[in-house]
Structures are given as C-alpha cells and as structure tokens.
Amino acid sequence: MNGASNPRLFIPGLSSRPGNFDTTGAFFNPKADNGVLDPVTIPSLRGARYLGPYGHDGRTPSLHDFVRNVIVNEFAGAAPSSQILDAIVVYIEDIDFLPNPLLDKGGRLTASASPSQQRGEALFTSRSHMNPA
C-alpha cells in the first residue's frame, strides 16, 4: 500500500516467510528458474528515486533500467514501450517517504537529528551515491 512493502505477502512455494518471494522460480519466468528456493525481501518503493543503484546487488545504476529488467528478465514480460516504461518510472519516483520531521525533502537528516542519528546516516551514506566523496 502506498509503495510500502507488504510484510504479509506469502506465496506458497515461492516464499520462505511472509514478506519475501523467489523471483527466480518457474512461476514468474521458467527460463530463470534456478531450481533453488532463494526468496528476496520485497523492498519498499518509498523514496526510490534517492536509493540507486538499484537491485539487491546494486548493479543497476538507473531506475529506468532496473524497472525494464524486472519486467523483461525477472518476470518474462514483453518489453514495455518507452512511454509505458517512462510512466512506470515517474510513478515510482513519485512515491515519497512518509512525513518525518527529521528528514528534509531529499531524504537526508535535518540539523534537529541527534548526534547518534547523524553518525548512523554518515555510516550508511559514506560509500553511496548520496555522498560521492
């Protein structure tokens, strides 16, 4: 709902616990079936425009390429037209974080965050696109 992950999602035979499912099973794409139940946790889409690179392994730099890959390669769907793909990406980019007085519009901590929170943000952003130093 509203771009958040669904912790109750459970697909028998594809989930090992609520909130995950195996995208490499024959159900979605017989060609990608690796014969192993290896589910991934379904991430929230909130703030996705700030969270690249994309994918569980972070190898896809653009949200556009990531969405196309999910549709075509993970779910064996037909390649969407550029208009449809652009519309999906715009929709995902519009799903914002929930209101939080400690975050600015860019998803970064404001000056009112505690020192501990600021250290945590520095730890998680020190090697990411948000802090390219």
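Above this text you will find the structure in question.
No experiment lies behind these values; they were computed from the predicted model shown.

Talk me through the packing of helix H1 (residues 63-74) against helix H2 (residues 82-94); I want residue IDs and the actual numbers.
Helix-helix packing is characterised by the crossing angle of the two axes and by the distance between the axes. Close contact between H1 and H2 brings their axes to 10 Å; oriented N to C, the two are set at 115°. Relative to H2, H1 is oriented so that their crossing is right-handed. Across the interface between the two elements, Leu63, His64, Val67, Arg68 and Ile71 of H1 pack against Leu85, Asp86, Ile88, Val89, Ile92 and Glu93 of H2. For the contact of H1 with H2, a count of residues per class yields seven nonpolar, one polar and three charged.

Account for unusual backbone geometry, with residues named and values stated.
Going from glycine 52 to proline 53, the amide bond is cis rather than trans, its omega being 0°. Mapping proline 53 onto the fold places it in the loop between strand S2 (40-41) and H1. The residue alanine 76 is not glycine, and still its phi comes out positive at about 55°. With respect to the element layout, alanine 76 can be found in the loop between H1 and H2.

Explain the packing of aromatic side chains to me, using residue names and the numbers behind them.
All chains considered together, the criterion is met by one aromatic pair. For the ring pair tyrosine 54 and phenylalanine 66, a centre distance of 6.2 Å and an interplane angle of 35° mean the geometry is tilted. Remark: phenylalanine 66 occurs in helix H1 and tyrosine 54 occurs in the loop between S2 and H1; sequence separation between them is twelve residues. The exposure class of phenylalanine 66 is partly exposed, given its relative accessible area of 23%.

Could you give an account of the environment of serine 81, with specific residues and numbers?
Within the element layout of this structure, serine 81 appears in the loop between H1 and H2. Distance in space between the C-alpha atoms of serine 81 and alanine 26 is 25 Å, their sequence separation being 55 residues. Here isoleucine 84 takes part through its backbone nitrogen, which lies 3.1 Å from a polar atom of the side chain of serine 81.

Parameters and conventions
- Residues numbered from 1 in each chain as written.
- Predicted model: local features only at pLDDT ≥ 70, side-chain atom pairs only at ≥ 80, totals over all residues.
- Heavy atoms only, no water.
- Axes fitted to C-alpha atoms, helices over the stretch in contact; angles between N-to-C directions.
- Helix = DSSP H or I, 4+ residues; strand = E, 2+ residues; numbered from the N terminus.
- Left-handed = near helix turned anticlockwise from the far one by under 90°.
- Contact = heavy atoms within 4.5 Å.
- Nonpolar A, V, L, I, M, F, W, Y, C, P; charged D, E, K, R; others polar.
- Phe/Tyr/Trp six-rings, centres within 6.5 Å; stacked < 30°, edge-to-face > 60°.
- Buried < 20%, exposed > 50% of the residue type's maximum accessible area, 1.4 Å probe, protein only.
- Polar contact = N/O pair within 3.5 Å; in protein donor to acceptor, adjacent residues only side chain to side chain.

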